[in-house]
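# Architecture and fold: a report
Below are the chains, spelled out letter by letter.
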Amino acid sequence: YSASPSLIAFESSPPLPSSSQSPSSSSSSSSQSLSQTNNKCILLGGLSDGPIPTPYTKLLETKCHTLGYSLVQPVLSSSYLGFGHGSLERDTEELVTLMDYLVCHHSAERFALVGHSTGCQNSIHFLKCGRRDVVDRMKVVALQAPVSDRESLTLSPGSNQSAEHLTHAKSLLSQNKGNEMMPRTAFWAPITASRYVSLFDIGGSDDYFSSDFTNDELAKRLGHVGDVGRRESSGLRLLAAFSKKDEYVPESVERDVLLERLVLAMNNGFDGGGGESTAVVVARGLMLENGNHNLSKGEGDKEEFVEAVGKLMELATTSDVQ
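Owing to the predicted nature of the structure, the values given are computational and were not obtained by experimental measurement. One numbering rule holds for all chains: residues counted from 1, following each sequence as written. This being a predicted model, a pLDDT of at least 70 is required before a residue's local features are given, and a value of 80 or more before pairs of side-chain atoms are given or counted; all residues contribute to the totals for chains, interfaces and linings. Excluding hydrogens and water, the side-chain figures rest on all heavy atoms present in the structure.

## Focus on the environment of Phe111
Note on placement: Phe111 falls in strand E4 (residues 110–116). Burial classes follow relative accessibility: with a 1.4 Å probe on protein chains only, a residue under 20% of its type's maximum area counts as buried, one over 50% as exposed, and anything between as partly exposed. Using a relative accessible area of 1% as the deciding quantity, one classes Phe111 as buried. Along the primary structure Phe111 and Gly298 are separated by 187 residues, whereas in three dimensions their C-alpha atoms are 28 Å apart. Contact between two residues is taken to exist if any of their heavy atoms lie within 4.5 Å; hydrogens are not considered. Apart from residues no more than four positions distant in its own chain, Phe111 is found in contact with Lys40, Ile42, Met99, Leu102, Val103, Arg137, Met138, Lys139 and Val140. Only DSSP runs of H or I reaching four residues or more are called helices, and only runs of E reaching two or more are called strands; each is numbered from the N terminus.

Below, the structure is given as structure tokens:
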């Protein structure tokens, strides 16, 4: 979908109805199958992920096909270990390029976006910084494991050195050396000073979901979600799915409370309760009681999440969102 940089994506489309295929047309039908649906669901994984980033990928693909969506799995410059020299800005630019390509060449009209882990940051950043006409095509966003990289660092081996590493990274940034690599002891993968600060500094570019933010601070980072969803040209709906047993969330964090605060911030402080407010609830939360970070362990959690995503995708294709 991009020649420079060279980027690819894998699209899995719903199978063509058997009645529409014949032996004489089998060779052409396979090439046409990619353009049979106008609905595209993009799946973005987390740090070091590529295609098939989660155990529920196949379930999501099946749900997409049932609802008339294709599943698109891009390889971004930040995929695999590329995140270490990347940024959310670059990821958003490449996501826009992908969507433009799908609109121009694969008949795309509406999109859903499922982000896992750091893919959640990508999703939130895209809604704020993506080109408006492309953002308005995004009808559904699902965040699975929207957790804080900054807080998860405290659970990592060698975290007692993180303050020292952060000071070093900020020093490099102050010298306009943000692209310099951090010491091997700083992180488990090669990473630049700029990305280190983005992920692990308070208020860094990747710091959207930390539990120690005030409600006002969360609203400044997430409130644009509600603004996008209430635009007449958009109609976006968002699902935030948090795992009760996420191993990357410190035990001190009250997960139910954090999820409620994140959703409230995305809705600009509107919780959908009574009163005179006519504000639309754009974001809703889902707590997966037995889920771990990528939903590989809790029984039934993968299915519950995919089913909830499917309901939003079906709504986007079968009714006009008020």
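Next comes the rest of the write-up.
## Description of the pairing of strand E6 (residues 237–243)
Across the seven residues of E6, seven count as buried, placing the element largely inside the fold. Alternating residues of E6 divide into Arg237, Leu239, Ala241 and Ser243 and Leu238, Ala240 and Phe242, and every residue in both groups is buried. Where strand E5 (residues 138–144) and E6 come together, five bridges link them in parallel fashion. Looking at E6, one finds that Gln144 is bridged to Ala241. Being paired, for any two strands, means DSSP has found at least two bridges between them. Where E6 lies against strand E7 (residues 283–288), six bridges are found, and the strand directions are parallel. In the strand pairing of E7, Ser243 is matched with Leu288.

## Observations regarding the environment of Phe209
Structurally, Phe209 can be placed in the loop between helix H8 (193–200) and helix H9 (215–222). In sequence terms Phe209 and His85 are 124 residues apart; their C-alpha atoms lie 22 Å from each other. Those residues in contact with Phe209, other than ones at most four positions away along the chain, are Cys120, Gln121, Ile124, Pro146, Val147, Ser148, Leu222, Leu258 and Leu262.

## Details of the confidence of the model for the protein
Confidence scores here are pLDDT values: one per residue, from the predictor, ranging 0 to 100. Per-residue confidence for the protein gives a mean pLDDT of 92, with 91% of residues at or over 70. Considering only residues more than four positions removed or in separate chains, one finds that residues 25–35, a stretch of pLDDT under 50, has 11 contacts.

## Focus: the sheet that holds E6
On the basis of which strands lie adjacent, the open sheet formed by seven strands has the order E1-E3-E2-E4-E5-E6-E7 and mixed pairing. Whereas interior strands pair on both sides, the edge strands pair on one side only; in this sheet they are strand E1 (8–12) and E7. Averaged over all adjacent pairs, the angle separating strand axes in this sheet is 20°, with direction ignored. Between N-to-C directions, angles span 0 to 180 degrees; the directions come from axes that are lines fitted to C-alpha atoms, helices contributing only their stretch in contact. The sheet strands contacting helix H4 (residues 118–129) are strand E2 (39–44), E4, E5 and E6, and the helix crosses E4 at an angle near 140°. Here helix H12 (residues 301–318) sits on the sheet and contacts E2, strand E3 (69–75), E4, E5, E6 and E7; the angle it forms with E5, its principal contact strand, is near 170°.

## Some thoughts on the side chain of Glu61
In this structure, Glu61 sits in helix H2 (residues 57–66). The exposure class assigned to Glu61 is buried, which follows from its relative accessible area of 15%. N or O atoms closer than or at 3.5 Å make up a polar contact, with two conditions inside protein: a donor-capable atom paired with an acceptor-capable one, and, for residues adjacent in sequence, both atoms drawn from side chains. Side chain to side chain, Glu61 and Lys58 meet in a polar contact 2.7 Å long. With sequence-adjacent residues up to four places away left out, Glu61 is seen in contact with Ser12 and Leu71.

## Thoughts on the side chain of Asn122
Among the secondary structure elements, Asn122 is positioned in helix H4. Ignoring any residue separated from it by four or fewer positions in sequence, one finds Asn122 in contact with Leu44, Leu88, Asp91 and Thr92.

## Observations concerning the pattern of salt bridges
By salt bridge we mean one thing: a side-chain nitrogen of Lys or Arg within 4 Å of a carboxyl oxygen of Asp or Glu. Summed over the entire model, instances satisfying the criterion amount to 13 salt bridges. A salt bridge links Arg132 to Asp136; its shortest N-O distance comes to 3.8 Å. Asp136 sits in the buried class, given a relative accessible area of 10%. Between Asp212 and Arg150 there is a salt bridge whose closest N-O contact spans 2.7 Å. Residue Asp212 is found in the loop between H8 and H9, and its partner Arg150 is found in helix H6 (residues 149–152); the two are separated by 62 residues along the sequence. One continuous salt-bridge network, built from bridges that share partners, spans Asp100, Arg131 and Asp133.

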